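# Descriptive analysis of the structure
Each chain is listed here by its residues.
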Amino acid sequence: MTNDQVVFAPFHTLNEFMLPEYREAVLRTVLIRMPELSGAGKSQLNRVIKKNIVIPGFRNSSLAPMPLKIKGAVKAFSKNPEFTAQFLSAWTELNPELAERVYEILKERGWEILPIEADRTRLPGFLIEWPEGESYDTLGQVFSEKWPDAADPVDDIRLMIVWLSGRLPYNATEEAEDGDA
């Protein structure tokens, strides 16, 4: 790859980095807390739910019982980049304190990222490279040192890093595997 090429991975590629239980927990949280979203956030989420989740017996899948919506959301999240992006955007809106903290850490460490309020759903996907020397572990350590009393789960911190930075540690994973040889 030359320096003038930018490679994006579709948003739903994130599924390769998430445990199934955690993915379901994120989707459940967003669906349950949907009434807390802004008007635009609710509208966009309802739009992708209606468009991407088909539940037999329901013309409007957003009116289906929660367990059925979650099951449908898991399928759509793993296959549809727009659906994945809208859910991550809603999840970020529901976690403003964590978003502020992660944003602060990334900016302090020199990451080039969009402002928190930027609409990341309009991006073509995730960049596949992280700045050299950065990893989940180093960023997690910085987070815990800066906010020792924060009760944010590690998986939430990592997901927020990925979403706000617009970067999956895709090449970092490949380099670690190559380095073992």
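Residues numbered from 1 in each chain as written. Predicted model: local features only at pLDDT ≥ 70, side-chain atom pairs only at ≥ 80, totals over all residues. Heavy atoms only, no water.

In this section: the overall build of the chain. On a plain count of helices and strands, the chain comes out with eight helices and two strands. The secondary structure elements of the chain, listed N-terminal to C-terminal, are β-α-α-α-α-α-β-α-α-α. In terms of overall dimensions, the chain is globule-like: its C-alpha atoms have a radius of gyration of 17 Å, near the 16 Å expected for 181 residues. Each principal axis of the C-alpha distribution contributes one length, and for the chain these read about 50 × 40 × 30 Å. (Helix = DSSP H or I, 4+ residues; strand = E, 2+ residues; numbered from the N terminus. Rg over C-alpha atoms; globule rule 2.2 N^0.38 Å.)

Now for helix H1 (residues 20-32). Between the first and last C-alpha of H1 there are 18 Å, a value that for 13 residues agrees with the 18 Å anticipated at 1.5 Å per step. Those residues of H1 that fall on the buried side of the exposure criterion are Tyr 22, Arg 23, Val 26, Leu 27, Val 30 and Leu 31. Elements in contact with the buried residues of H1: helix H2 (39-52), helix H3 (66-79), helix H4 (81-93) and helix H7 (154-165). (Expected span 1.5 Å × (residues − 1). Buried < 20%, exposed > 50% of the residue type's maximum accessible area, 1.4 Å probe, protein only. Contact = heavy atoms within 4.5 Å.)

Let's shift gears to the pattern of salt bridges. One pass over the structure, following the stated rule, counts 10 salt bridges. Among the salt bridges present, the one from Glu 82 reaches Arg 47, with a minimum N-O distance of 2.7 Å. With Glu 82 in helix H4 and Arg 47 in helix H2, this pair connects stretches of sequence that are 35 residues apart. In this structure, the salt-bridge partner of Arg 101 is Asp 152, at a minimum N-O distance of 3.7 Å. Placement of the pair is Arg 101 in helix H5 (residues 96-108) and Asp 152 in the loop between helix H6 (136-146) and H7, with a sequence separation of 51 residues. By relative accessible area, Arg 101 is classed as buried at 16%. The class for Asp 152 is partly exposed, based on a relative accessible area of 26%. Among the charged side chains, a salt-bridge network with shared partners connects Arg 47, Lys 51 and Glu 82. (Salt bridge = Lys/Arg side-chain N within 4 Å of Asp/Glu carboxyl O.)

Attention now moves to the packing of aromatic side chains. Inspection of every chain in the model, using the stated rule, returns seven aromatic pairs. With 6.2 Å between their ring centres and 80° between their planes, Phe 126 and Trp 163 make a pair best called edge-to-face. Of this pair, Phe 126 sits in strand S2 (residues 126-127) while Trp 163 sits in helix H7, placing them 37 residues apart in sequence. For the pair Phe 126 and Trp 163, one class covers both residues: buried. Ring geometry for Phe 143 and Trp 147: centres 5.2 Å apart, planes at 50°, overall tilted. (Phe/Tyr/Trp six-rings, centres within 6.5 Å; stacked < 30°, edge-to-face > 60°.)

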